[in-house]
Amino acid sequence: MAWHKDPLLYFLLVGAFIYGLSQWVLAQDEDYQIVIGNQDLQRLNDQWSMQMRRPPSDQELAGLIEQYIKEEIYYREAMRLGLDANDTIVRRRMVQKLTFLTEDIATSATFSDADLQSFYNENLDNYRLAERFSFKHRYFSVDRRADARTDAAEAINNPEVGGDPFMLQREYALRSEREVGDLFGRDFATALATLEPSEAWQGPLQSAYGWHAVLLINKAPATVQAFADVRERVLNDAQQAARDAANKRYYEDLRSRGVLDKNGAEAVGGVVTARYGENP
């Protein structure tokens, strides 16, 4: 009997078809089976309690579960349809999640006081307070006066000469040159920094608004803040530095797995390509 007429062959073919069909059906069932475990229920409960400041009722919890199921069904269907492909928002979100994962791993370790003290010593300039000025001023408007500069100069020698209404404060304490510049303009801040504290009025100094007679009360020198005073800031800075370093190492590791030219990418037919994850 010819081999293709052997009943056993047909039996095997039918058996293979039935097995394949059963596996496909099981796979479909698995795709659409949504399991909500105790951790999921606890997370839904905790999220509701945090927002509403009370536990959800049975009816409200049932609504949360139904919403979770709806989101999961929509998510799986969107993935099945390939809606995540070529989507800039999805792409950026996935990159962001990977970045967060890398950063979380980097900052999972605790920083000892010795670690923080070392980081502080290596980055002293970040904790330096700039020279700061405490001063009063009288303002003379170029819009209200024929010669605001002359009037301001006269006010230096005569404290009785009043100025014009001013939209900002008349007195400032411990402001850096940058902060003064943000308020009055860079030229005013630069000129103020050249003055020395005195009981006498000085100037006149020109600002972005007009002219000013200035009484420089105090000039606090630049100083480095003590470690104890900025410890929390040092901790935050050290953690951010660890995140940045982890992201850089992770990216460089991924790029180093590929075969790249000296520029890290190659141009082929006007298209720039870069590869990673390949054996060199």
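Residues numbered from 1 in each chain as written. Predicted model: local features only at pLDDT ≥ 70, side-chain atom pairs only at ≥ 80, totals over all residues. Heavy atoms only, no water.

Caption draft 1: Representation of a nonpolar patch on the surface. On the surface, L98, L101, I105 and Y250 cluster together into a nonpolar patch covering about 370 Å² of accessible area. In terms of residue count, helix α4 (residues 88-106) provides more of the nonpolar patch than any other element does, 3 residues in total. Within the element layout of this structure, L98 appears in helix α4. (Patch = residues over 30% accessible without salt bridge, like charges linked within 9 Å, V, L, I, M, F, W, Y side chains within 5 Å. Areas by Shrake-Rupley, 256 points an atom, 1.4 Å probe, with all protein chains shown as cover. Salt bridge = Lys/Arg side-chain N within 4 Å of Asp/Glu carboxyl O. Helix = DSSP H or I, 4+ residues; strand = E, 2+ residues; numbered from the N terminus.)

Caption draft 2: Main features of the sheet that holds strand β5 (residues 210-220). Read from one edge of the open sheet, 4 strands run β3-β2-β5-β4, paired in antiparallel fashion. Whereas interior strands pair on both sides, the edge strands pair on one side only; in this sheet they are β3 (171-176) and β4 (202-206). Sheet twist, expressed as the average angle between the axes of neighbouring strands with direction ignored, equals 40 degrees. Bridge count for β4 against β5 is 3 bridges, and the pairing is antiparallel. Bridge pairing in β5 links L205 to H212. This element, helix α7 (residues 177-184), spans β2 (132-141), β3 and β5 of the sheet and lies at about 130 degrees to β3. (Pairing = 2+ DSSP bridges. Axes fitted to C-alpha atoms, helices over the stretch in contact; angles between N-to-C directions. Contact = heavy atoms within 4.5 Å.)

Caption draft 3: Local environment of the nonpolar core. The biggest cluster of nonpolar side chains holds 14 residues, and the ones touching the most others in it are F135, V180, F184, F188 and L192. Going through the elements one at a time, β2, α7, α8 (186-194) and β5 are the ones with two or more residues in this core. Among all residues touching F135, those that are not within four sequence positions of it are R170, E171, Y172, V180, F184, F188, L192, V214, L215, L216 and I217. Core analysis: the next-biggest nonpolar cluster, separate from the first, contains 10 residues, A152, A155, I156 and W201 among them. (Core = buried A, V, L, I, M, F, W, Y, C linked by side-chain atoms within 4.5 Å. Buried < 20%, exposed > 50% of the residue type's maximum accessible area, 1.4 Å probe, protein only.)

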